[in-house]
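Commentary on secondary and tertiary structure
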Amino acid sequence: MLSLAAHLDLEKGKVIRVMGPASIVINKGKIRILGMNFTPGARVVIHRYRSYAIKALEDSTISVILGEGGGIEEPAAGEEVIDVWEEASRAIIDSKGIAVVLGPVDSGKTSFSLLVANMAIEQGLRPAIVDADVGQGDLAPPGFIAMKILTTPLLWLREVRGDVMRLIGSITPTHAFAMSRLIVAIRDLVDIAMQKGAAPIVVNTDGWTTGYLAIDTKLNIIRAVHADYVAVLDDVLCERIKRALGPLVNVLCLPRPKVVKERDRIDRRLLRKQHYQSFFQKAKRVCLRLSEITLLNSCLASGTLWSLDAVEKLSKELGLKVYAVVEHDDALVVLLEKADSVIGQRLREVFPQKEIYVVTRDSVKGLLAAILNERLEEVAPALIDSLELDRNEICVLTEYDGVVKGLSISRIKLSSEWEEVGKVIKCPL
Ligand SMILES: Nc1ncnc2c1ncn2[C@@H]1O[C@H](COP(=O)(O)OP(=O)(O)OP(=O)(O)O)[C@@H](O)[C@H]1O
Ligand SMILES: [Mg+2]
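Under an unreviewed UniProt entry, the name given to the chain is polynucleotide 5'-hydroxyl-kinase, and the organism recorded is Ignisphaera aggregans. UniProt lists a comment for the chain under the heading Cofactor (unreviewed entry), and it reads "a divalent metal cation". Database annotation for the chain, UniProt heading Function (unreviewed entry): "Polynucleotide kinase that can phosphorylate the 5'-hydroxyl groups of both single-stranded RNA (ssRNA) and single-stranded DNA (ssDNA). Exhibits a strong preference for ssRNA."

So, about the site of ligand 1. The immediate surroundings of ligand 1 are formed by 22 residues, with Ser51, Lys109, Thr110, Ser111 and Arg268 found nearest. A distance of 2.9 Å separates an oxygen atom of ligand 1 from a polar atom in the side chain of Arg268. Here ligand 1, which alone exposes 630 Å², has 98% of that area covered by the protein. Given that more than half its atoms are within 2 Å of the pocket grid, ligand 1 belongs to the largest pocket. Elements supplying a minimum of two residues to the shell around ligand 1: β7 (51–56) and α2 (109–122). The residue inventory of the shell around ligand 1, partitioned by class, reads eight nonpolar, five polar and nine charged. Taken together, domain 1 (3–73) and domain 2 (82–261) each give at least three residues to the shell around ligand 1, which thus spans both.

This part takes up the sheet that holds β7. With antiparallel pairing, five strands are arranged side by side in an open sheet as β5-β4-β7-β2-β9. With partners counted over all chains shown, the strands left at the sheet margins are β5 (36–38) and β9 (71–73), one partner each. With strand direction ignored, the average angle separating the axes of adjacent strands in the sheet is 30°. For strand β4 (residues 31–33) and β5, the ladder comprises three bridges, and the chain directions are antiparallel. The residue bridging Arg32 from the neighbouring strand is Asn37, located in β5.

A word on the sheet that holds strand β24 (residues 378–388). Spatially, the six strands line up as an open sheet ordered β17-β25-β24-β23-β26-β18, and their pairing is mixed. Here the strands that pair on one side only, and so sit at the sheet edges, are β17 (284–289) and β18 (294–296). When strand polarity is set aside, the average angle formed by the axes of neighbouring strands in this sheet is 35°.

This part takes up the environment of Tyr400. Inspection of the secondary structure puts Tyr400 in the loop between β25 (393–398) and β26 (406–413). Judged by its relative accessible area of 24%, Tyr400 is partly exposed. Residues Tyr400 and Ala380 lie 20 residues apart in sequence; the distance between their C-alpha atoms is 6.1 Å. Not counting chain neighbours up to four residues away, the residues in contact with Tyr400 comprise Ile371, Val379 and Ala380.

A separate point is unusual backbone geometry. In this model, Gly20 is joined to Pro21 through a cis peptide bond whose omega is 0°. Along the polypeptide, Pro21 turns up in the loop between β2 (15–19) and β3 (22–28). Between Ala199 and the following residue, Pro200, the backbone shows a cis peptide bond with an omega angle of -10°. Tracing the sequence through the fold places Pro200 in the loop between α3 (176–195) and β14 (201–204). A positive phi is found at His226, a non-glycine position, where the angle reads about 50°. Within the chain, Asn297 stands out as a residue other than glycine whose phi angle is a positive 60°.

Thresholds, definitions, all that
Residues numbered from 1 in each chain as written. Chains lettered and ligands numbered in written order. Predicted model: local features only at pLDDT ≥ 70, side-chain atom pairs only at ≥ 80, totals over all residues. Heavy atoms only, no water. UniProt positions renumbered as here; feature names shortened; annotations may be inferred. Near = heavy atom within 4 Å. Polar contact = N/O pair within 3.5 Å; in protein donor to acceptor, adjacent residues only side chain to side chain. Areas by Shrake-Rupley, 256 points an atom, 1.4 Å probe, with all protein chains shown as cover. 1 Å grid on protein atoms, 1.4 Å probe; cavity = no way out; pocket = protein on both sides within 12 Å on 5 of 7 lines; lining within 4 Å. Sits in = over half its atoms within 2 Å of the grid points. Helix = DSSP H or I, 4+ residues; strand = E, 2+ residues; numbered from the N terminus. Nonpolar A, V, L, I, M, F, W, Y, C, P; charged D, E, K, R; others polar. Domains from an automatic or database assignment. Pairing = 2+ DSSP bridges. Axes fitted to C-alpha atoms, helices over the stretch in contact; angles between N-to-C directions. Buried < 20%, exposed > 50% of the residue type's maximum accessible area, 1.4 Å probe, protein only. Contact = heavy atoms within 4.5 Å.

Below, the structure is given as structure tokens:
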């Protein structure tokens, strides 16, 4: 349902807030949104999950068409943050250094990161964004983080894909396995951005900021990238970060927008679903010989392989074909054609001291993974389709059409509807 909301006259210096979905045409003058200037003839589309502050740089006239749920508001005095944000952004840009952006969910982290990038481009620089929000990032599917060097300004980071991505393997940084991977991956992406001559480099983070461990993780990110600036979009969090870091790092305490278009859990789930899907639109099924690739983050690939005799003996005991058994100190991974609860129970009785993971042809279906190149670097997302046990192959869906040297396995499993299913298990493959 679309309705023509208005032709608005905005005096020079005036700020309004537009909540999406909305489409704006500039008829006269000049307006500024997130560090981008728009002049007559330009059209700006605001997605239904976004809202923006619009500032008139000259006496301007704009036409706004609002979709369902969209709106235009006049911020109360002191409510609009954009001028303070621009000032902070200038300090970061002048340093040509590295800035880490922190804040709770919906506090404006991604918008502030883009503001810095857009203003840097305006000054002829080549900024990079390291989008390290592992669950709600824009540059890569959930479970990944990514880096992009921006050469044209943007209003929504989701419009582009990252230049380089890294798989973390879960959609929250709160799992112990994810935290260390996250810090290493961020450091790696910052290094690549530096090697490519990007400046400034803005590290956007996830919204997990409550509790001691969250702050600890963020402080470790700040330290790992040798941040010149930390921008914090929350007063209480900012004081905590400042106190922890002391005078050695510049901490900018910034206000968060008072009114924003918030996304609830359902919206976020939908955004994740669309994002997964968009990375597999042109995917093809590719089968890879397990003996010819490196499998990373796989329990199956990293333990001790049982001898054929031992596997045969277990097959006889269980009365069904076992393809392989891989032993860890604390776990046993058993590869079967098909699983049922009775087999799992039997195995638990026979090996009471180990955790048992049963992997089958179809149990791996929907596991999110990354294609690796010869340097074990992620080059594209992949979705595991099946394990072809008789052929000793693993089949994946991917858009990548280069030579595959390996796969890195996540603990995220997707349904055919691109929704996360099941709980995070330690050894899905
Ligand atoms: N100055 C502003 N005025 C009003 N709304 C704004 C402003 N800046 C950003 N927003 C809106 O606030 C919402 C949250 O912003 P953003 O996505 O940047 O936050 P975030 O902290 O990155 O969120 P998340 O935790 O989901 O990653 C978005 O809808 C964005 O369009
Ligand atoms: Mg964000």
